[in-house]
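Reading the structure
So the chains spell out like this:
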Amino acid sequence: MENPKNIAEKLLKPYDPTETESRIYKLWEESGPTMQPGGFFNPDNLPGNREKAFTIVMPPPNVTGILHMGHALATTLQDTMVRYKRMQGFKTLYIPGTDHAAIATQSKVEKEIKKNENLSRHDLGREEMLKRIEAFAKQSHDTIISQIKTLGASCDWSREAFTLDEKRNLAVNTVFKKMYDDGLIYRGNRIVNWDPKGQTTIADDEIVYEERKAKLYTFKYSKDFPISISTTRPETKVGDSAVAVHPDDTRYTEFVGKEYNIEFCGVPIHIKIIADEEVEKDFGTGALGVTPAHSQIDWEIADRHDLPRIQVINEYAKMMAGGENLLGKKTTEAREVIVEWLKSEGLLEKEEEVNQNIGTAERTGGIIEPLPKLQWFVNVNKEIPGRGKTLKEIMREPLESGKIKIIPEYFNKTYFHWIENLRDWCISRQIWYGHRVPVWYKGEEIFVGDKAPSSEWVQDEDTLDTWFSSGMWTFSTLGWPEQTKDLATYHPTDVLETGYEILFAWVARMVLMTGYNLDSIPFHTVYLHGTVRDDKGKKMSKSAGNGIDPTDMAHKFGIDATRMSLLVGNTPGTDVAVSENKIKGYKNFANKIWNITRFILENLAVEPLDSKLSGPTAKSEDLINEFKKVTADITSDMENYRFHLASEKIYHYIWHRFADEIIEQSKTDAEIKPALLPIWTDCIKILHPFMPHVTEEIWSIMPGTDKLLIIEAWPQI
RNA sequence: GCGCGGUUAGCUCAGUUGGUAGAGCAAUCCGUUUACACCGGAAAGGUCGCAGGUUCGAGUCCUGCACCGCGCACCA
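Described in the following lines is the structure provided in the data block. All of these numbers come straight from a predicted model, not from anything done at the bench.

**Details of the pairing of strand E22 (residues 493-499)**
With 7 of 7 residues buried, E22 lies mostly within the body of the structure. Judged from the 6 bridges that link them, E22 and strand E23 (residues 523-529) form a sheet pairing that is parallel. Bridge pairing in E23 places Glu497 opposite Tyr527. Considered for its hand, the β-α-β crossover made up of E22, helix H15 (residues 503-518) and E23 is right-handed.

Here it is in structure tokens:
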């Protein structure tokens, strides 16, 4: 407790959030039993007999730079829940961590090196490149951690994890081996999404579709060929091995089964005419030139009809077939060559402009080139030995049964819809930063495990999809595969709070990994927040230059104010608009509660509100009862994840009921006075999860408060 | 094409099981010997997208439509 003189002086000045917030955060970090790390953020240090655990794992931010407003929103929601539960007497654990974000991080560093030194990763070599990336990741990590602290996150730093550290690597390798032994992971030569820019495969859900104008060409392979076909990519046609028509399409029935040898732009091709249900009669000419090596659908058609798969485009999106006119040319150049050739031969029948969705790589922006490659896959449709179900079913089951609830509920449908369309998951990547595929080769022999049996074995060159490791986040952070005490105490976790945009990429994979490895669920509740937008409704982004930096806001208005602006009126699953003006409004609110405290304490000094002196009055009892109802209402909102209402209600009560009316009346009506301190004490408690710093600071100067607010009990109803 | 959301005050959005429309910001007027001008008071502002239906009663439930946004699939 500070001495009263300092208190008065402090309260006489307007509230200074910047100075207070960093000081208060340190106070928390150093709180609790001495010699124990983590302060009261560490559940082991919490006082009292706390039987029930409440756990949130922080979705680990990518170590690719700095945090943005979206992180601030996520952290605020998580921390609000955690602080509320801590006050409710739970053994509360909030685990922090960061994500190595394989492709995102590597491509960022590659870009930098290219720009500054004009070198590629191959110029540097694997070892040197990794050193550079790790140095960048380390620096990025440090920035991010200090930012998370600025946000006021009450997470247990003694349990901090990284998706690519040693413990998480053991978890990854353990899972890989288990899945391999169960026949769920296989290596296969299949068509994959190749990113020529990033020089790696990517998963289906890492593709971003962009609508672009393209030309649809209709032509025949040769004058003698009986059927015309349409394509936007004539350059791939040198890899065709069939023309497919619908079985019911009478126009072409007579040709089905016939085969033709053709010289197409100088490349000899062999075309068989086949009938396949997949072909739409009404699109183009109703006939599809089948290019098995460069189209997902065509690859599947080739499976059914046993067609040859001729690769004509390489990893650099350059032609690997044809004579001088084509060989080594970029696909776009080759396209022109072929169109010219078609024209000169009189084969081109039609050229029309169409809109087409083109797949690009999420991280590098490269145009996806479907290519056949030898890769590692997770089979999502194979029955797991001894379990009688598939991984797909594991992903679906807990949401169907209601063991896992998504907030808002309507995202359930989206989730199921996604699972229905799910194909085998390509998990290998040709980048260097990440968990290396735990497979070793010696001649024809193959070894799968955590470490090579001996130095003669050569490890697989590839690394794993970053989501393979983040899928294990809820249990790898708790020490799995070791059967730790933490794992027994804190898993399944309670709430996963994240953005709706990674429902599939991450949430579904966590359900998969936990169901498969622990025969359990990763969490009970998924709380999805929306995208942070500017006051004009535009998505905040670097390129648009409309981003608001949460750290800047913390300096300007205080992080408590920023947190409130992100919470109030922000319903789950809905995008939220944030402006400096809104944040400023809550800075004023922080100052308001500062001054309310000053008023009450000054009043108290003049005229002690000790019950023996003034005693409770009928009027004060009524006000306290009225406030109990508000407390009950807010508590119910907190229990039901209605933080947008809870935060607004306490704000509204404090300002427009307590300050504007009750305090004002107390100036003339002494019978109201005994209500002031009890109500205000509880208001500060209720406000704490939302605005932790200013409330902790006020708490320290309130009478009769001998411990920190962070471990105070939530007001009883 | 399939699916999901939205449409409420000038702007940004709440409105939890149907019961007389709410907040913040902005704009208007008044107020400063005061806990706080980072303030207080007052007034103003809405046929709750459109059309039907259920109901004693609909912003809320049902049907259809329009527009905006998003996801998935297709994209020869």
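**Some points on the protein's contact with RNA strand B**
What surrounds RNA strand B is a group of 47 residues, the closest being Ser230, Thr231, Asn357, Arg642 and Trp655. Taking the atoms of RNA strand B that fall within 4 Å of the protein, sugar and phosphate contribute 61% of them. In this structure, Gly569 approaches RNA strand B through a main-chain N or O atom, which is 3.2 Å from a sugar or linking oxygen. His656 is positioned such that a nitrogen or oxygen atom in its side chain is 3.0 Å from a phosphate oxygen of RNA strand B.

**Describing the environment of Trp440**
Counting through the fold element by element, Trp440 comes out in strand E18 (residues 439-442). We classify Trp440 as buried; its relative accessible area is 8%. Ignoring anything within four residues of it in the chain, the contact list for Trp440 reads Glu445, Ile446, Phe447, Gly449, Asp450, Lys451, Ala452, Trp457, Val458 and Gln459.

**Some words on the side chain of Asp99**
Following the sequence through the fold, Asp99 ends up in the loop between strand E3 (97-98) and helix H4 (102-117). No salt bridge is formed by the buried Asp99, whose closest oppositely charged neighbour, Arg363, lies at an N-O distance of 8.0 Å. A polar contact is formed between the side chain of Asp99 and the side chain of Thr163, at a distance of 3.2 Å. For Asp99, the side chain forms a polar contact with the side chain of Thr466, separated by 3.3 Å. With sequence-adjacent residues up to four places away left out, Asp99 is seen in contact with Pro60, Pro61, Asn62, Val63, Phe162, Thr163, Thr466 and Ser470.

**Focus: the sheet that holds strand E13 (residues 348-361)**
Pairing is antiparallel across the open sheet formed by 3 strands, whose spatial order is E8-E7-E13. The open sheet terminates on both sides in strands that have one partner only, identified here as strand E8 (229-231) and E13. Put simply, the sheet's adjacent strands are angled 25° from each other on average, direction ignored. Where strand E7 (residues 207-219) and E13 come together, 13 bridges link them in antiparallel fashion. When the sheet's bridge partners are listed, Glu210 is paired in E13 with Ile358.

**Some points on unusual backbone geometry**
A cis geometry characterises the amide bond from Trp480 onward to Pro481, with omega recorded as 10°. Looking at where Pro481 falls in the secondary structure, it is placed in the loop between helix H13 (473-476) and helix H14 (485-490). The omega torsion across His491 and Pro492 is 0°, close enough to zero to call that bond cis. Phi at Cys265 is positive, roughly 50°, even though this residue is not glycine. Structurally, Cys265 can be placed in the loop between strand E10 (259-264) and strand E11 (267-275). Given the relative accessible area of 4%, Cys265 is considered buried. Even without being a glycine, Asp306 presents a positive backbone phi close to 55°. Within the secondary structure layout, Asp306 lies in the loop between helix H8 (296-305) and helix H9 (331-344). Judged by relative accessible area, which is 70%, Asp306 ranks as exposed.

**Thoughts on the packing of aromatic side chains**
Considering all chains together, one arrives at 33 aromatic pairs under this definition. Centroid distance Trp418 to Phe504: 5.1 Å. Interplanar angle 5°. Geometry classified as stacked. With Trp418 in helix H11 (residues 411-420) and Phe504 in helix H15, the pair connects residues that are 86 residues apart, well separated along the chain. A relative accessible area of 22% means that Phe504 is categorised as partly exposed. Ring-pair connections join several aromatic residues into one group, and the members of that group are Phe219, Tyr221, Phe225, Tyr260, Phe264 and Trp341.

**Quick word on the pattern of salt bridges**
Inspection of every chain in the model, using the stated rule, returns 53 salt bridges. One salt bridge connects Asp424 with Arg190, and the closest N-O pair in it is separated by 3.6 Å. A residue pair is termed long-range when its members are at least 10 positions apart, and Asp424 in the loop between H11 and strand E16 (425-426) and Arg190 in strand E5 (residues 185-195) qualify at 234 residues. Owing to a relative accessible area of 17%, Asp424 belongs among the buried residues under this scheme. In this structure, a network of salt bridges that share partners links the residues Asp44, Lys91, Asp156, Arg159 and Asp486.

**Topic: the packing of helix H17 (residues 559-567) against helix H22 (residues 692-701)**
Any two packed helices are characterised by how steeply their axes cross, that is the angle between the axes, and by the distance between the axes. Two elements in contact, H17 and H22, have axes whose closest approach is 7 Å; the angle formed by their N-to-C orientations is 130°. Compared by their axis directions, H17 and H22 come out oblique. The segment H17 lies against H22, with Ile559, Asp560 and Arg563 engaging Pro692, His693 and Val694. Split into classes, the residues belonging to the contact of H17 with H22 amount to 3 nonpolar, 1 polar and 2 charged.

**Examining helix H7 (residues 166-181)**
Taking 1.5 Å of rise per residue, the 16 residues of H7 would be expected to cover 22 Å, and the 23 Å separating its terminal C-alpha atoms lies within 8% of that figure. Taken together, the buried positions of H7 are occupied by Arg168, Ala171, Val172, Asn173, Val175, Phe176 and Met179. Among the residues trailing H7, Gly183 stands out with phi positive, at a value near 75°.

**Details of the packing of helix H10 (residues 391-401) against H15**
Contact geometry for H10 and H15: axes closest at 8 Å, N-to-C directions at 105°. Accordingly, the angle class assigned to the pair H10 and H15 is roughly perpendicular. Side by side, H10 and H15 meet where Leu391, Ile394, Met395 and Pro398 of the first sit next to Ala508, Val511, Leu512, Gly515 and Tyr516 of the second. Looking at the contact of H10 with H15, its residues break down into 8 nonpolar, 1 polar and no charged.

**Remarks on helix H2 (residues 17-29)**
In this model H2 runs 18 Å from its N-terminal to its C-terminal C-alpha over 13 residues, within 8% of the 18 Å that 1.5 Å per residue would give. For H2, the set of buried residues is Pro17, Thr20, Glu21, Ile24, Tyr25 and Trp28. Viewed end-on, H2 has its buried residues packed into an arc of 125°, placing them on one side of the element. N-cap assignment for H2: the residue whose side-chain oxygen lies 3.3 Å from the backbone N of Thr18 is Asp16.

**With respect to the environment of Phe627**
On the secondary structure map, Phe627 appears in helix H19 (residues 618-639). Not counting the four nearest positions on each side in its chain, Phe627 is found in contact with Tyr653, Ile679, Asp682, Cys683 and Ile686.

**Brief notes about the sheet that holds strand E19 (residues 445-448)**
One open sheet accounts for 3 strands, arranged E19-E18-E20; its pairing is antiparallel. The sheet terminates laterally at E19 and strand E20 (458-459), the two strands that pair on one side only. The pairing of E18 with E20 spans 2 bridges and is classified as antiparallel. Bridge pairing in E20 links Trp440 to Gln459.

About the thresholds
Residues numbered from 1 in each chain as written. Chains lettered and ligands numbered in written order. Predicted model: local features only at pLDDT ≥ 70, side-chain atom pairs only at ≥ 80, totals over all residues. Heavy atoms only, no water. Buried < 20%, exposed > 50% of the residue type's maximum accessible area, 1.4 Å probe, protein only. Helix = DSSP H or I, 4+ residues; strand = E, 2+ residues; numbered from the N terminus. Pairing = 2+ DSSP bridges. Right-handed = clockwise from strand over helix to strand, strands pointing away. Near = heavy atom within 4 Å. Polar contact = N/O pair within 3.5 Å; in protein donor to acceptor, adjacent residues only side chain to side chain. Contact = heavy atoms within 4.5 Å. Lys, Arg positive; Asp, Glu negative; His and termini not counted. Salt bridge = Lys/Arg side-chain N within 4 Å of Asp/Glu carboxyl O. Axes fitted to C-alpha atoms, helices over the stretch in contact; angles between N-to-C directions. Phe/Tyr/Trp six-rings, centres within 6.5 Å; stacked < 30°, edge-to-face > 60°. Parallel < 35°, antiparallel > 145°, perpendicular 65-115°, else oblique. Nonpolar A, V, L, I, M, F, W, Y, C, P; charged D, E, K, R; others polar. Expected span 1.5 Å × (residues − 1). Arc of directions from axis to C-beta.

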